[in-house]
Amino acid sequence: MKTVDVLWNAAPRGLKPADGEVHVFSAPLDIPAERVDELASWLSHDEWQRASRFHLERDRRRFVAGRGTLREILSALLGINPRRLAFSYGEYGKPQIAAPAAARSLHFNLAHSDFIAVYAVAKHALGVDVERIRAMDDAEQIAERFFSPREKLCLRALPPEQRAEGFFNCWTRKEACLKAIGSGLDDCLDRIEVSLAPGEAAELLGVPNGSRSWRLHSLTPAAEFVGALAIKPEDSLVNCWKWVGPD
Ligand SMILES: CC(C)(COP(=O)(O)OP(=O)(O)OC[C@H]1O[C@@H](n2cnc3c(N)ncnc32)[C@H](O)[C@@H]1OP(=O)(O)O)[C@@H](O)C(=O)NCCC(=O)NCCS
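Remember, predicted model here, so these are calculated numbers, not experimental data. (Residues numbered from 1 in each chain as written. Predicted model: local features only at pLDDT ≥ 70, side-chain atom pairs only at ≥ 80, totals over all residues.)

Notes on the overall build of the protein chain
Next up, step 1: Along the backbone of the protein chain there are six helices and twelve strands.
Next up, step 2: On C-alpha atoms alone, the protein chain measures out to a radius of gyration of 18 Å, which is about the 18 Å that the 2.2 N^0.38 rule sets for 247 residues.
Next up, step 3: The dimensions of the protein chain, computed from C-alpha atoms along their principal axes, are 50 × 35 × 35 Å.
Next up, step 4: The proportion of buried residues among the 247 residues of the protein chain is 38%.
Next up, step 5: Once local pairs closer than 6 in sequence are excluded, the contacts in the protein chain between residues at least 24 apart make up 64%. (Helix = DSSP H or I, 4+ residues; strand = E, 2+ residues; numbered from the N terminus. Rg over C-alpha atoms; globule rule 2.2 N^0.38 Å. Buried ≥ 20, exposed ≤ 12 C-beta atoms within 10 Å, placed from the backbone. Contact = placed C-beta atoms within 7 Å.)

Below, the structure written as structure tokens:
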């Protein structure tokens, strides 16, 4: 299991999106009730409807915290009120900024796992994923279905104590690519080939048509979590921050 000290500094005030830069933020989803209430006050009608469909109160609060924090981060970067943001959705559900119109050129993506959310923002399209490293009963079946022959070989060659981390390296890197492209799961998951061995650089080894232009970065937003970021080569500087609020 991965246990590392995570060195993501608190995001400074006045951060602005800049050419060639990606800002990645990690934020907690289990937060005090007053903070959830504040974030909840910014959500749109459709976000409230989604929140109301969760069966478990904990999941509803995490969804509200995740969407509220998304609005808080984007509004801080754009210098606007979080309520002014409206989102639209691609064919497979990828959210993007619809309003205000001047902000449409800003790209973002987010992912959540357990009590952590990760947000990535840049001037070009991008995708992010995060997972808590854990033992999974169906890991072998998932690898059999979604991993390429080369990835399966690499996973099996790992010592048993590194397999969970290798599995989630592979999963998050593939998902980050899919989320960058904005496509559905069935769309070429086994044709996106990635490196997975713990300690090795995140690399895109094989790609389906038209997605050759992505670069992968690995992320460690917290101990025992792995994440991946798929970005355009133009965005070469990746800054990782802890989101502690706009002030
Ligand atoms: C929807 C999907 C993009 C990610 O789902 P997920 O892993 O459950 O969730 P994540 O935490 O990574 O991401 C969720 C966020 O991604 C965004 N998102 C949704 N659909 C998206 C899409 N098609 N492309 C990019 N981003 C998307 C949303 O912001 C969503 O969060 P929100 O609705 O709470 O704001 C999709 O790839 C999926 O269904 N994955 C299933 C997981 C799986 O079996 N993976 C096998 C990998 S080997």
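Quick notes on the domain arrangement of the protein chain
Next up, step 1: Entries for the protein chain in the domain assignment read domain 1 (22-124 + 234-242) and domain 2 (132-219).
Next up, step 2: Computed over C-alpha atoms, the centres of domain 1 and domain 2 are 25 Å apart.
Next up, step 3: In this assembly, ten residues from domain 1 lie in contact with seven residues from domain 2.
Next up, step 4: When contributions to the side of domain 1 that touches domain 2 are tallied by element, the ones reaching two or more residues are strand 5 (107-113) and strand 12 (237-242).
Next up, step 5: Looking at the side of domain 1 that touches domain 2 residue by residue, the classes come out as five nonpolar, three polar and two charged. (Domains from an automatic or database assignment. Nonpolar A, V, L, I, M, F, W, Y, C, P; charged D, E, K, R; others polar.)

Examining the sheet that holds strand 6 (residues 116-122)
Next up, step 1: Strands sit in the order 1-12-2-6-5 across an open sheet of five strands; the sheet is mixed. The open sheet has two free edges, formed respectively by strand 1 (9-10) and strand 5, since each of these has just one partner strand.
Next up, step 2: Bridge count between strand 5 and strand 6: seven bridges; the pairing is antiparallel. Bridge pairing links Asn109 to Ala120 in strand 6. (Pairing = 2+ DSSP bridges.)

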